[in-house]
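Inside the fold
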Amino acid sequence: MTPFSIAGAGRTLRDGSTTSVELVEQVLERSSMVEAQVHAYLTLDSEGIVRAAREADQALATGNDRGPLHGIPIALKDNMTTRGMETTAGSRILAGYIPPYDATVVSRLRAAGALITGKTNLDEFAMGSSTENSAFGPTRNPWNTDRVPGGSSGGSAAAVAARMAFGALGSDTGGSIRQPASLCGVVGCKPTYGAVSRYGLIAFASSLDQIGPLTHTVEDATLLLDAVSGHDPLDATSYPGALVPSGERLGRGLEGVRVGVAADIGGVEGVEPDVESSFARIVAGMEGAGAKLVDVSLPSTAEGLSAYYLIAPAECSANLARFDGVRYGLRVEGTTTEDMMSRTRAEGFGPEVTRRVLLGTFALSAGYHEAFYGQAQRVRTLILREFARAYEQCDVVVSPTSPTTAFALGDRTDDPLSMYVSDVFTIPSNLAGHPSISVPVGTDRNHLPIGFQVMAPALEEAVMFQVAEAVEALAGFDTTVPFDPEFGLRGGVR
């Protein structure tokens, strides 16, 4: 069988031992077996991807090799506009919306020769940590279909974990790539804010959102990230300078690398024992491999969760004001224009989106703006300063990705605060705008994956990937989901 990695599949394409059509057939066969159980996709473009694969094979045969992603099946989170393909952001209010243009990341994937498998499920407008908030039903974790895949990029993580795509793009506002990567046992990276264009990404919180890759290996993540990153004049927040290739430092190991360990990051209690022991094992292995461990302090990250859940809802309340039933998407008729807008939003938005819009609108209202939104932004500044001081002493900072492994479907839907705590380790990187990555490093006693997070200063993706690759080698984790070839994925503890 073709190696299930972007780099491995690329090698077999170029040595003639496989074709893009065969890669697509592999993905579609796998999808036919498990998609009904996992529900990773909202749209699976079976016919379109087969046509694109034939074109990719013809191009390669004539010497037109577009690079590492040429002929490789890649999935897209369904909050990235895709020309001619329904794009819903997991919401009823956008059901049936067909964009007339591609997001910049989609254009860049097409230019790189990637094959778009389809659009993956997500928490509505990327608001959630379990992919249970989708208007089109939840996604299930391929490692255990009774568990959540994490969120909001749960569909992308599950598609990669279940081998229904060789890689995927997700978006990360407070951990929405890294947390599902951790829970599904794949690699997930949030790049530096501005390194990847947000043009065509349906906005949740504009100062926090960032697009990034989910893959089986760290090397694959560098290939996918480099294909979509770089300045875009269509995005006013796009970084205008040159970016160092993400994989430039791969293979250098950990000798002499300063690794910051912050016992106070997130200020969280209740980290599961298996997560703690896995984290400690990898940190000890890093020291044994030549890394220098440094104790650093990030006390203000304890307030990061509270700050995030004021900043993000405030920005989402402004961004989602455009969904009013007038220009596109759902429209519910009313007796007046105001009544029509009210009815449309009431029927089009789910409970979590409504909750966050109301919270954000309140935080921005007269008399409360400075007390809530203003104070949250000051906390954000403190976190930035503490990270800056920490990176004077170390090259990267490490932590668990999630305080727990995948929890049961329905466990936290009635308790938003317990759901929000899922992102306590990942939120600080979004508030700071820094890159971070989750690498799978083991499983807990229930055979559910555990992730290890590596954080780095802004624009230092290369050193982050260097360390992540070394962690990957130390862990020796097999990302292959347990699979019964006759019955597909098996629910319950494996």
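This is a predicted model, so every value here is computed, not measured.

With that settled, the discussion passes to the overall build of the protein chain. Looking only at helices and strands, the protein chain has 15 helices and 11 strands in total. With the C-alpha coordinates aligned to their principal axes, the bounding extent of the protein chain is approximately 65 × 55 × 50 Å. When each of the 494 residues of the protein chain is scored for burial, the buried share is 60%. Residue pairs at least 24 apart in sequence account for 76% of intrachain contacts in the protein chain once pairs closer than 6 positions are excluded. Carbon and sulfur atoms form 52% of the exposed surface of the protein chain, whose accessible area is close to 17900 Å². Averaging the positions of the 38 positive and the 57 negative side-chain charges in the protein chain gives two centres separated by 3 Å.

Position of Asn-430 among the secondary structure elements: in helix H14 (residues 427-432). Asn-430 gets classed as buried once you look at its relative accessible area, which sits at 2%. Only 3.0 Å separates the side chain of Asn-430 from the side chain of Asp-172, close enough to count as a polar contact. Beyond its immediate chain neighbours, meaning those up to four positions away, Asn-430 contacts Asp-172, Thr-173, Gly-174, Gly-175, Arg-178, Lys-190, Leu-208 and Arg-380.

Glancing now at a nonpolar patch on the surface. A grouping of Tyr-101, Tyr-199 and Leu-234 is seen on the molecular surface, where their side chains present a nonpolar patch of about 270 Å² in accessible area. Since its relative accessible area comes to 31%, Tyr-199 is described here as partly exposed.

So, about the state of the cysteines. Scanning the entire structure with this criterion turns up zero disulfides. In this structure Cys-184 is a free cysteine whose sulfur lies 17 Å from that of Cys-189, the closest cysteine sulfur available. According to the relative accessible area criterion, Cys-184 is buried, its value standing at 0%. There is no disulfide at Cys-394, and the cysteine sulfur nearest it, in Cys-189, is 18 Å away.

Looking now at the packing of aromatic side chains. Remark: the centre distance and the inter-plane angle together describe each pair of aromatic rings, the angle taken between the planes. Taken as a whole and judged by the stated rule, the model has 14 aromatic pairs. Here the aromatic cluster, defined as three or more aromatic residues joined through ring pairs, consists of Tyr-97, Phe-125, Phe-323, Tyr-328 and Phe-349. We note Arg-412 situated over the ring of Phe-407; from NZ or CZ to the ring centre the distance is 4.0 Å.

Time to look at the side chain of Glu-315. When you line up the elements, Glu-315 lands in helix H9 (residues 304-319). We note that Glu-315 is buried and unpaired, the nearest opposite charge coming from Arg-380 at a distance of 4.5 Å. With residues up to four places along the chain from it excluded, the contact list for Glu-315 reads Phe-204, Ala-205, Ser-206, Ser-207, Leu-208 and Tyr-373.

Moving on to the environment of Gly-10. Within the fold, Gly-10 resides in helix H1 (residues 6-14). Between the C-alpha atom of Gly-10 and that of Asp-146, which follows or precedes it by 136 residues, the distance is 34 Å.

Basis of the calculations
Residues numbered from 1 in each chain as written. Predicted model: local features only at pLDDT ≥ 70, side-chain atom pairs only at ≥ 80, totals over all residues. Heavy atoms only, no water. Helix = DSSP H or I, 4+ residues; strand = E, 2+ residues; numbered from the N terminus. Buried < 20%, exposed > 50% of the residue type's maximum accessible area, 1.4 Å probe, protein only. Contact = heavy atoms within 4.5 Å. Areas by Shrake-Rupley, 256 points an atom, 1.4 Å probe, with all protein chains shown as cover. Lys, Arg positive; Asp, Glu negative; His and termini not counted. Charge placed at Lys NZ, Arg CZ, Asp CG, Glu CD. Polar contact = N/O pair within 3.5 Å; in protein donor to acceptor, adjacent residues only side chain to side chain. Patch = residues over 30% accessible without salt bridge, like charges linked within 9 Å, V, L, I, M, F, W, Y side chains within 5 Å. Salt bridge = Lys/Arg side-chain N within 4 Å of Asp/Glu carboxyl O. Disulfide = S-S within 2.5 Å. Phe/Tyr/Trp six-rings, centres within 6.5 Å; stacked < 30°, edge-to-face > 60°. Lys NZ or Arg CZ within 6 Å of the ring centre and 35° of its normal.

By themselves, these are just geometric observations and shouldn't be taken as functional.
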